[in-house]
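What follows is each chain in one-letter form.
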Amino acid sequence: MTENKIHVILLSCGSFNPITRGHIHMFEKAREYLHKTGRFIVIGGIISPVHDSYGKPGLVSSRHRLSMCQLAVQSSDWIRVDPWECYQDTWQTTCSVLEHHRDLMKRVTGCILSNVNTPSMTPVIGQPQNQPPPLYQSNINHSPTAMKLFGKLGESLGKICCVRPHIERFTFVDENANLGPAMKYEEIELRIFLLCGSDLLESFCIPGLWKDSDMEVIVGDFGIVVVPRDGADTEKILNHSSILRKYKENILVVKDATSHPMAIVSSTKNGHQGFTKG
């Protein structure tokens, strides 16, 4: 019964300087693991490159990083690149990016997205119209409920909302779009999880690096899916932070039976093992 499963969007923030095969593999492994638990249906993945003002040494212009990310996902029918973070006036916290996408999904779908801590059945409102195939439609459950939601996402994500530098590949969301006649569909539960490697999880334990209030929202309200790297001891990391311990059940650690070398995920650690040589 898919109606009782939690529908998930995986969101990954980072510099993607450049994006690597490992980043895409991280999405694929996370989706595979979540599906195997029998509790989740992953309906989409979002890559959100960081703003140029982040201050990382050697950070390439967001225009180029967005283009590289778009090329990296062009063969995927469930992962997309979102330029919102790059197009803000300044750097955005991970917490604010998660909240933006939560609020955007509420506006686009009419949903009230449920938190990890306060799960609730999510009413999906909106009448899909004849539009191109939705973005989130790969290897997902094709139940009437799910497809109505994906249809609404596809309809609204296909509209352009703001005047930006001309980049044909990117899709923007019209946040003020007329979504048409409304009707209530079956109720489903939809959540956005932060997808990351164990190095980001470990950074939560560094004093002063993250605001406690942001960590409370990220881990407590949204939840995290962690794909371990380099054989990291995630259990030790989780026990090192009081906030991570507090919300431990909201942190899903992907078990990688193939022992894939997840070190290639980080473009910083691997010396930029990207998709092309150059």
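For the chain, an unreviewed UniProt entry supplies the name Nicotinamide/nicotinic acid mononucleotide adenylyltransferase 2 and the organism Takifugu rubripes. Note on the chain: under the UniProt heading Cofactor (unreviewed entry), the record states "Mg(2+)".

Asks: What should I look at first to understand the nonpolar core in this one?
Replies: One broad rule of soluble globular proteins: the nonpolar side chains tend to lie buried together. By size, the foremost hydrophobic cluster in this structure holds 32 residues, and its most contacted members are Leu201, Phe204, Ile218, Val219, Ile224, Leu244 and Ile251. It is helix H6 (residues 212–222) that provides the largest number of residues to this core, a total of five residues. Sequence-distant contacts of phenylalanine 204, that is, excluding residues within four places in its chain, are made with Trp210, Met215, Ile218, Val219, Ile224 and Leu244. One finds Phe16, Met26, Val227 and Val254 within the second-largest nonpolar core, a separate group that totals 28 residues.

Asks: Is there a simple way to think about the environment of valine 253 in this case?
Replies: Mapped onto the secondary structure, valine 253 falls in strand S7 (residues 251–253). In the structure, valine 253 is positioned 18 residues away from glutamate 235 in sequence and 9.3 Å away in space, judged by C-alpha atoms. Apart from residues no more than four positions distant in its own chain, valine 253 is found in contact with Tyr33, Val226, Pro228 and Thr234.

Asks: Would you mind showing me how to read unusual backbone geometry here?
Replies: A negative phi angle characterises most non-glycine residues, just as the trans form characterises most peptide bonds. Looking along the chain, the bond that leaves asparagine 17 and enters proline 18 is cis, with omega of 5°. Here proline 18 is to be found in the loop between strand S1 (6–14) and helix H1 (21–37). The residue phenylalanine 16 is not glycine, and still its phi comes out positive at about 50°. For phenylalanine 16, the position within the fold is in the loop between S1 and H1.

Calculation notes
Every chain is numbered on its own, with residues counted from 1 as its sequence reads. Totals for whole chains, interfaces and linings use every residue, but because this is a predicted model, local features are given only for residues with pLDDT of at least 70 and side-chain atom pairs only at 80 or more, for both listing and counting. Side-chain numbers here rest on the full set of heavy atoms in the structure, without hydrogens or water. UniProt positions are given in the numbering used here, feature names are shortened, and annotations may be inferred rather than shown by experiment. In this description, a nonpolar core means a group of buried Ala, Val, Leu, Ile, Met, Phe, Trp, Tyr and Cys residues linked to one another through side-chain atoms lying within 4.5 Å. Note on exposure labels: buried denotes an accessible area under 20% of the residue type's maximum, exposed denotes more than 50%, and partly exposed covers the range between, all computed with a 1.4 Å probe on protein chains only. Counting from the N terminus, the helices are DSSP H or I runs at least four residues long and the strands are E runs at least two residues long. What makes two residues a contact is simply this: any of their non-hydrogen atoms within 4.5 Å.

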